[in-house]
Amino acid sequence: MIILPAVDILDGKAVRLYQGDYGTAEKVASDPIEAAKEFEKQGAKFLHLVDLSGAKSGKAEGIDQICKIAQSVDMFTEVGGGIRSLETIHSYLENGVSRVILGTAAISDKGMLCKAVELYGDKIAVGIDARNGKVSVSGWLSDSGVDYIELAKECESIGVRNLIFTDISRDGSLKGPNLDMLKKLSESVSCDITASGGIKDIDDIRAVKDMNLYGAICGKSLYSGTLDLAQALSVARA
């Protein structure tokens, strides 16, 4: 299993939100690039980047900054937030980003999703962010009404190989990931699944690993000190 430390960027700053609420934004690092470099220094090989401004506006607001981060570290980097066109996907992949995550576009523009998978294969992932089992879009500000399992199955049929699942009610809460929803998801599709949202400590890492999931994204737990990155990496590799 892989561990992906998260750097979420809002208005150029590294922040964390609580349950996706932009009003709860809390600055967690002096500089996003330095945060990424610190994770690399501690041994992380993967990095999860989110353009929160872009997720909210529907435009790739932070593309220049995020590409600069990707180019500043020797890590596999994935990015999500505000990615709504093939041009934006191409720009990210041509400028240091390893994998692009589609969220809102996976529901609103199936044609683009299909074309992106056709062109870029496993460099395309889909982020499934759910509230009460229904997928939220537009920076988690709107409810699509689509069931998270239904979307996962549709993405699999299109050829998406990597899904990132977040139970929004757990995000930033340090209450642990929603293992029941993750279990149902893993039993419903054969895609690689990354758990996101709520991971607090090493017990949560062990629980996710025991489910044979592909990865775990860790944000607030690393910034608040409830999870030691080196220990998480060791458990994930074992």
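Draft legend 1. Broad picture of the overall build of the protein chain. Of regular secondary structure, the protein chain possesses 11 helices and 12 strands. On C-alpha atoms alone, the protein chain measures out to a radius of gyration of 16 Å, which is about the 18 Å that the 2.2 N^0.38 rule sets for 238 residues. Along the longest, intermediate and shortest principal axes, the C-alpha atoms of the protein chain span 40 × 35 × 35 Å. The burial tally for the protein chain puts 53% of its 238 residues in the buried class.

Draft legend 2. Looking closely at helix H7 (residues 148-158). Along H7, the residues that are buried comprise Tyr-148, Ile-149, Leu-151, Ala-152 and Cys-155. All buried residues of H7 fall inside an arc of 160° around its axis, so they share one side. For H7, the capping residue at the N-terminal end is Asp-147, with a side-chain oxygen 2.9 Å from the backbone nitrogen of Ile-149. Remark: Gly-159 follows H7 within two positions and exhibits a positive phi of approximately 120°.

Draft legend 3. Broad picture of the nonpolar core. In terms of nonpolar packing, the biggest core is built from 68 residues, with Val-100, Leu-163 and Ile-205 touching the most fellow members. Ignoring anything within four residues of it in the chain, the contact list for Leu-163 reads Val-126, Ile-128, Ala-152, Cys-155, Leu-185, Val-189, Cys-191, Asp-192, Ile-193 and Thr-194.

Draft legend 4. Spotlight on the side chain of Thr-194. Positionally, Thr-194 belongs in strand S11 (residues 192-196). Setting aside residues up to four positions removed in sequence, Thr-194 forms contacts with Leu-4, Asn-162, Leu-163, Ile-164, Phe-165, Tyr-214, Gly-215, Ala-216 and Ile-217.

Draft legend 5. Summary view of the pairing of S11. Of all the five residues making up S11, four are buried; the element is thus mostly covered by neighbouring parts of the structure. Across five bridges, strand S10 (residues 162-167) lies against S11 in parallel orientation. By the bridge assignment, Ile-164 is partnered in S11 with Thr-194. Traced from S10 through helix H8 (residues 179-188) to S11, the parallel crossover comes out right-handed.

Draft legend 6. Quick look at the pairing of strand S2 (residues 13-18). The pairing of strand S1 (residues 2-10) with S2 spans three bridges and is classified as antiparallel. Along S2, the bridge assignment pairs Leu-10 with Lys-13. The hairpin turn running from S1 into S2, its antiparallel successor, is two residues long, and Asp-11 in that turn takes a positive phi close to 50°. As judged from the three bridges shared by S2 and strand S3 (residues 21-27), these two strands associate in the antiparallel manner. By the bridge assignment, Val-15 is partnered in S3 with Lys-27. Remark: two residues form the turn of the hairpin made by S2 and S3, two consecutive strands paired antiparallel; Gln-19 in that turn has positive phi of roughly 55°.

Draft legend 7. Representation of the packing of aromatic side chains. Enumeration according to the criterion identifies three aromatic pairs in this entry. When the ring of Phe-39 is compared with that of Tyr-223, the centres are 5.7 Å apart and the planes differ by 65°; the resulting orientation is edge-to-face. Of this pair, Phe-39 sits in helix H1 (residues 32-41) while Tyr-223 sits in helix H10 (residues 220-224), and the two are 184 residues apart along the sequence. The class for Phe-39 is buried, based on a relative accessible area of 6%. Look at Phe-46 and Phe-76: their rings are 5.5 Å apart centre to centre, the planes differ by 50°, and that puts the pair in the tilted class. Here Phe-46, found in strand S4 (residues 46-51), pairs with Phe-76, found in strand S5 (residues 76-80); they are 30 residues apart in sequence, far enough to count as distant. The ring of Tyr-22 has Lys-56 lying over it, and the distance from NZ or CZ to the ring centre is 4.8 Å.

Calculation notes
Residues numbered from 1 in each chain as written. Predicted model: local features only at pLDDT ≥ 70, side-chain atom pairs only at ≥ 80, totals over all residues. Heavy atoms only, no water. Helix = DSSP H or I, 4+ residues; strand = E, 2+ residues; numbered from the N terminus. Rg over C-alpha atoms; globule rule 2.2 N^0.38 Å. Buried < 20%, exposed > 50% of the residue type's maximum accessible area, 1.4 Å probe, protein only. Arc of directions from axis to C-beta. Polar contact = N/O pair within 3.5 Å; in protein donor to acceptor, adjacent residues only side chain to side chain. Core = buried A, V, L, I, M, F, W, Y, C linked by side-chain atoms within 4.5 Å. Contact = heavy atoms within 4.5 Å. Pairing = 2+ DSSP bridges. Right-handed = clockwise from strand over helix to strand, strands pointing away. Phe/Tyr/Trp six-rings, centres within 6.5 Å; stacked < 30°, edge-to-face > 60°. Lys NZ or Arg CZ within 6 Å of the ring centre and 35° of its normal.

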